[in-house]
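# Structure assessment
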Amino acid sequence: MNRAQTLGRKAATRLVADPPEWLRTLRRDAATQDLGVSWHDDDTIAEETEDADERPSDWGLHTQATRQHIRLNRPHLVPVAAGPEYTRRGMGTESDATWYVDSRDPQHLLFAPSPEYPPFLHVPAGTTAEQMAQVLRGFFPVPRPTRVTLPKVARGFLGYLGRLGVPSPYTGQVEGIDGLTLDRYYTMNLYTEVNSWGSAFFDDPYPEEWHRPIEMIGLGREAMKQADAVPSKTWRTAHSGSYLTIEAHDGELLVGEVRYRSNTYPEVVEKLNATFGSYFPTDLPVDVIGALLGFDFQTIDMLERELAEETDPGKMLGQLHIATALAYGDLDAFARLRPHFDHDNPSYRAQAMNFLLSYNYAYVLEELAHTEPEEQLSEQLHRVLNRGINSRHPDIFEGGADYDYDDEDEDDE
Amino acid sequence: MTTSELSDSHCYVLRPGTPASAVSDLAVGQGWELVADQPRGYDRVAIRRWRVTGGTETGAGVDEMELIDDHIAGYRAVTAPDLIRDRIAGSLPLWSADDLFTQAQSAADPLVRMRALRALQYFQIVAAMQAAPQAPLDPDDPDLRLIADDERYLAAFRRGLEDPVPGVRRAALDGLCRTFYPGAQAILREYRDRLPDHTETIDWYLEKGTHRIRAKADGEAG
């Protein structure tokens, strides 16, 4: 028996021997059954804790700090109930949500959409059936939300493509990011549904029910298409139904965009941010945060503050590049950045103009052309504007997923 | 034949500095449902549409309000159905087509003239689409509508071609190249040799001919 199992057994024994009064009452409350929740009997609690593991099992991108947190906390959490049951779309696998009591502080339930959730993503779930129902309202939405019913948008800089990676499900080794490696990563990852889609689709193109495999391959290939826009891939998160989009700007900056419904448990994210030094918006659902584990999530507010203080032109350009990527799709945010495209240094201005070109902000280039004092730069800019802007972001996702499907085609033949 | 001067009266530009949230907050406050949210692309502008309800006691209709975020031209436009036009005009800081014609003609700041012409590019398309269902069929091609010139737009763009500032001329030229009004072709021919930086563009549009609107799906550009 390992350390986690020993600690888990002790925790379960303590809780079974002397359960808090609220738990005794709650287990007898028929309203909890209407939520699809089944309470474990004492034997089942003991069995479940025997499986306790100190290691992450969510296929997420963990750091030393998150692993340590799991090791220190998971054994103390006693699973007391399961459900509702749900099916992971695209995989067909069934899972149960899990309800815990922290044996060190048995004041209330904790909810996790899956037993693989790390403790720092568990949601306090109160001591009554109504409070349990309230927590469940943020998960397993029916019907699944769409772009117009996901009212909140959060965008964050994930990092530079060349410095980021995701673990291979085959070797566990971190490998560079492209369409194939990201798809493989999020296929195994607990927090997202299996299939992604490209920027040609504004909404989830996949059906509720899977049809014949050959149809799904066709749909999957179609869904990979990119619009004439910043290349991106989007996944639906597995438990809140949010959209997580990863955009590749200029072939080097990765930006994450989340469309979601605000959570009702900001204190969970506040605590997580304080523990790990992250800065996720505190109303993000926990499955979104799980899917973003291991990535940075710098918001435009942070970049704007840096830009306001920075005086070195080189560093300012780096910040402006990221901020411009984060402002993509938000004219109000972009308008706030507009003063940073003016500068005394002509090299700075020239580079800043390149940022504008790659997003087709023609009206700002016209403004700059009107005031540009350097003759050569002015002539260049007018030539570009006369000819028409035609600059695109490289599609770093191209190839990977297609290669996968081509393989399957060959197998079919 | 004259296009109705009211054909663009349901279309507005939000004054600079007015955030998108001014429109979305209004929609939320009125209980209008967001029904479409198309993100921007490289050349594609972002569009949001709300299903507008009003006058329910009298059984009055349901229609859509549209918000366009044009990252290329740098304006934000709202189109509002009759049902809510007064409410929109009373709630948001707006410019109408007439305001934009005035700016294009007489604003001292060339950037204001340029922006006005860029916005009028969009207004003329909306106006032509609005006029299309009443426009006669082209006898040479009954699938297409004959859209009558709206002289207000053609005059504004022609004047823009004479502007001393290149950006204003570019805005005017774009307006003439992308219009549904057949009279633009004569203006393009007239100015071809006077705009040497744009000869290639003008030749391309002259060869291609005026954009057309299909009769079968009025509102769909041909």
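Note that this is a predicted model, so its numbers are computed, not measured. (Residues numbered from 1 in each chain as written. Chains lettered and ligands numbered in written order. Predicted model: local features only at pLDDT ≥ 70, side-chain atom pairs only at ≥ 80, totals over all residues.)

Before going further, it helps to spend a moment on the overall build of chain B. Looking only at helices and strands, chain B features eight helices and eight strands. Reported as C-alpha extents along the three principal axes, the dimensions of chain B are approximately 60 × 45 × 30 Å. Sorting the 222 residues of chain B into buried and exposed places 38% on the buried side. Taking the contacts inside chain B whose residues are at least 6 apart along the sequence as the reference set, 58% of them involve residues at least 24 apart. (Helix = DSSP H or I, 4+ residues; strand = E, 2+ residues; numbered from the N terminus. Buried ≥ 20, exposed ≤ 12 C-beta atoms within 10 Å, placed from the backbone. Contact = placed C-beta atoms within 7 Å.)

Another point: the overall build of chain A. Tallying secondary structure elements over chain A gives 17 helices and 12 strands in all. Seen through its principal axes, chain A has C-alpha atoms that stretch 85 × 60 × 40 Å. Restricting the contact set of chain A to residue pairs at least 6 apart, pairs at least 24 apart contribute 65%.

Residue and element names in this part refer to chain B. The assigned domain composition of chain B is domain 1 (19–92) and domain 2 (97–222). For domain 1 versus domain 2, the separation of C-alpha centres amounts to 25 Å. Taken together, the six residues of domain 1 in the interface contact five residues of domain 2. The dominant element in the side of domain 1 that touches domain 2, judged by the number of residues it contributes, is strand β5 (residues 75–79), at three residues. Class assignment of the residues belonging to the side of domain 1 that touches domain 2 gives a composition of three nonpolar, two polar and one charged. (Domains from an automatic or database assignment. Nonpolar A, V, L, I, M, F, W, Y, C, P; charged D, E, K, R; others polar.)

What follows concerns the sheet that holds strand β11 (residues 243–249) of chain A. All names here are of chain A. In spatial order, the strands read β6-β12-β11-β10-β9; together these five strands make up an open sheet with antiparallel pairing. The open sheet is flanked by β6 (152–160) and β9 (192–198), the only strands paired with a single partner. The average angle at which neighbouring strand axes cross in this sheet is 20°, direction not considered. Of the pairings in the sheet, the one linking β6 to strand β12 (residues 253–260) comprises eight bridges and is antiparallel in character. Bridge pairing in β12 places glycine 159 opposite leucine 254. (Pairing = 2+ DSSP bridges. Axes fitted to C-alpha atoms, helices over the stretch in contact; angles between N-to-C directions.)

Next up on the list: the sheet that holds strand β1 (residues 38–39) of chain A. Residue and element names in this part refer to chain A. Taken together, the five strands give an open sheet; going across it, the order is β1-β2-β3-β4-β5, and neighbouring strands pair in antiparallel fashion. Strand pairing shows two members of the sheet lacking a second neighbour, β1 and β5 (123–124), which therefore form its edges. With four bridges joining them, strand β3 (residues 93–102) and strand β4 (residues 109–112) adopt antiparallel strand pairing. Paired with threonine 98 across the strands is alanine 112, a residue of β4.

With that settled, consider the interface of chain A and chain B. Interface extent is often summarised as the accessible area lost during association of the parts. The partner chain B presents 29 residues to the 22 residues of chain A that form the contact. Looking at the side of chain A that touches chain B, the elements with two or more residues in it are α13 (331–337), α15 (362–371) and α16 (375–387) of chain A. In terms of residue count, the dominant contributor to the side of chain A that touches chain B is α15(A) (seven residues). Counted by class, the side of chain A that touches chain B contains 11 nonpolar, five polar and six charged residues.

Residue and element names in this part refer to chain A. For the peptide bond that leads from glycine 83 to proline 84, omega is 5°, which places it in the cis range. Omega for the bond connecting valine 142 with proline 143 falls within 30 degrees of zero, at -5°, which places this linkage in the cis form. Within the secondary structure layout, proline 143 lies in the loop between α6 (129–136) and β6. In this model, tryptophan 59 sits at a positive phi of 60°, which is unusual for a non-glycine residue. Assignment of secondary structure puts tryptophan 59 in the loop between α4 (42–50) and α5 (64–73). With 18 C-beta atoms counted inside 10 Å, the residue tryptophan 59 sits in the partly exposed group. Residues other than glycine seldom take positive phi values, yet asparagine 360 does so here, at roughly 60°. Structurally, asparagine 360 is set in the loop between α14 (346–359) and α15.

What follows covers the packing of helix α11 (residues 300–309) of chain A against helix α12 (residues 313–326) of chain A. Residues and elements named next belong to chain A. α12 packs onto α11 with a crossing angle of 155° between their chain directions and a minimal axis gap of 9 Å. Judged by the angle between their axes, α11 and α12 are roughly antiparallel. Between α11 and α12 lies a crossing of left-handed hand. In contact with Ile300, Leu303, Glu304, Glu306 and Leu307 of α11, α12 contributes Met316, Gln319, Leu320, Ile322, Ala323 and Leu326. Taken together, the residues that form the contact of α11 with α12 break down as eight nonpolar, one polar and two charged. (Parallel < 35°, antiparallel > 145°, perpendicular 65-115°, else oblique. Left-handed = near helix turned anticlockwise from the far one by under 90°.)

This part covers the nonpolar core. Counting 140 residues, the largest nonpolar core has A:Ile289, B:Leu117 and B:Ala119 as its most contacted members. Element by element, the count of residues in this core is highest for helix α4 (residues 110–131) of chain B, at 11 residues. Once residues lying within four places of it in the same chain are set aside, the contact partners of B:Ala119 are B:Val13, B:Ala73, B:Tyr75, B:Ala77 and B:Leu100. (Core = buried A, V, L, I, M, F, W, Y, C linked by C-beta atoms within 7 Å.)

Below, the discussion takes up the pairing of β9(A). Consecutive residues of a regular strand have side chains that alternate between opposite faces of the sheet. All names here are of chain A. Most of β9 sits inside the fold, with seven of its seven residues counted as buried. In the sheet, β9 pairs with strand β10 (residues 232–237) via four bridges, with the strands oriented antiparallel. Bridge pairing in β10 places tryptophan 197 opposite threonine 234.

Before going further, it helps to spend a moment on the packing of α15(A) against α16(A). All names here are of chain A. Between α15 and α16, the shortest axis-to-axis distance is 10 Å and the interhelical angle comes to 145°. The chirality of how α15 crosses α16 is left-handed. Between α15 and α16, the residues in contact are Ala362, Leu365, Glu366, Leu368 and Ala369 and Ser378, Leu381, His382 and Leu385, respectively. Residues belonging to the contact of α15 with α16 are distributed by class as follows: six nonpolar, two polar and one charged.

Turning next to the pairing of β11(A). Residues and elements named next belong to chain A. Taken across its seven residues, β11 has seven buried, putting it largely inside the fold. Residues Tyr243, Thr245, Glu247 and His249 line one face of β11 and the alternating positions Leu244, Ile246 and Ala248 line the opposite face, and both faces are buried. Taken together, the five bridges between β10 and β11 define a ladder with antiparallel strand orientation. Looking across to β11, one finds that tryptophan 235 is bridged to leucine 244. Counting the residues between successive antiparallel strands, the hairpin from β10 to β11 contains five residues, one of them, glycine 241, with a positive phi of roughly 75°. Alignment of β11 against β12, held across seven bridges, turns out to be antiparallel. Bridged to threonine 245 within β12 is glutamate 257. Count of turn residues in the β11/β12 antiparallel hairpin: three residues, of which aspartate 250 carries a positive phi of about 55°.

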